[in-house]
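These are the residues of each chain, in order.
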Amino acid sequence: MERATGTGRAVGADHGRAYPGRVLSPRQVVDYALQRRALLADVRAGRVEPEEVCDAGAYLQRAARFHGRKVEETCPVCRKDQLAQVSWVFGEALRHISGSARSIDDLEQLAAHHREFTVHVVEVCRTCRWNHLVRSFVLGTGRPRGGRRTAGG
Ligand SMILES: [Zn+2]
């Protein structure tokens, strides 16, 4: 039996120019579906007042309107409106941007230019102001610090 000597030369990683499409590759993804379900069960059972969980502030509501992405899910509390998901970014590397809401396009840009930052995806109902953390994850180039190069220009 002979083996094909496969010297698989997969050279062709064309980096540098422009964006190679969608570069988002989330790491350390944490899903909060269980906590969400538990909280909703408490609301339905009357153990938690709806006002306690439907407390999206003006800032969050505005973020949902401008940066939110509509999802195919009706609000689990009022069942009147479609939910919107807002992505909040956090991280030292982001400096003044940290703690703000960002669109998917923004996330891509940030992920291409920063080493590491955390994204919190929050769902918001604009009718009853229900809001809850859906998931969190880490984005960024992931390159270790040091070895910094100055690209002239
Ligand atoms: Zn609602």
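Values in this document were obtained by computation on a predicted structure and should not be read as measured data.

S.K.: I tried to follow the nonpolar core on my own but got confused; where do I start?
M.R.: Side chains that are nonpolar tend, in soluble globular proteins, to be buried together. Ranked by size, the top nonpolar core spans twelve residues in total: Ala-56, Ala-63, Ala-64, Cys-75, Val-77, Leu-83, Ala-84, Val-86, Val-122, Val-124, Cys-125 and Trp-130. Breaking this core down by element, the ones donating at least two residues are helix H3 (58–66), strand S3 (82–90) and strand S5 (117–124). Ranked by residue count, the leading element in this core is S3, at three residues. Core analysis: the next-biggest nonpolar cluster, separate from the first, contains five residues, Val-89, Ala-111, Phe-117 and Leu-139 among them.

S.K.: What is the right way to read the environment of Val-138 from this model?
M.R.: On the secondary structure map, Val-138 appears in strand S6 (residues 131–139). Residue classification places Val-138 among the partly exposed positions, given that 17 C-beta atoms sit within 10 Å. Here Val-138 is in contact with Pro-26, Arg-27, Gln-28, Glu-116 and Thr-118, once residues within four sequence places are set aside.

S.K.: Can you help me understand helix H1 (residues 33–44) in this one?
M.R.: Each full turn of the α-helix corresponds to 3.6 residues, which orients residues three or four apart in the same direction. With twelve residues, H1 ought to run about 16 Å at 1.5 Å a step, and its terminal C-alpha atoms sit 16 Å apart, in line with that. Sparse coverage of H1 is indicated by the burial of zero of its twelve residues. Immediately beyond the C-terminal end of H1, within one or two residues, lies Gly-46, with a positive phi of roughly 85°.

Criteria and cut-off values
Residues numbered from 1 in each chain as written. Predicted model: local features only at pLDDT ≥ 70, side-chain atom pairs only at ≥ 80, totals over all residues. Core = buried A, V, L, I, M, F, W, Y, C linked by C-beta atoms within 7 Å. Buried ≥ 20, exposed ≤ 12 C-beta atoms within 10 Å, placed from the backbone. Helix = DSSP H or I, 4+ residues; strand = E, 2+ residues; numbered from the N terminus. Contact = placed C-beta atoms within 7 Å. Expected span 1.5 Å × (residues − 1).

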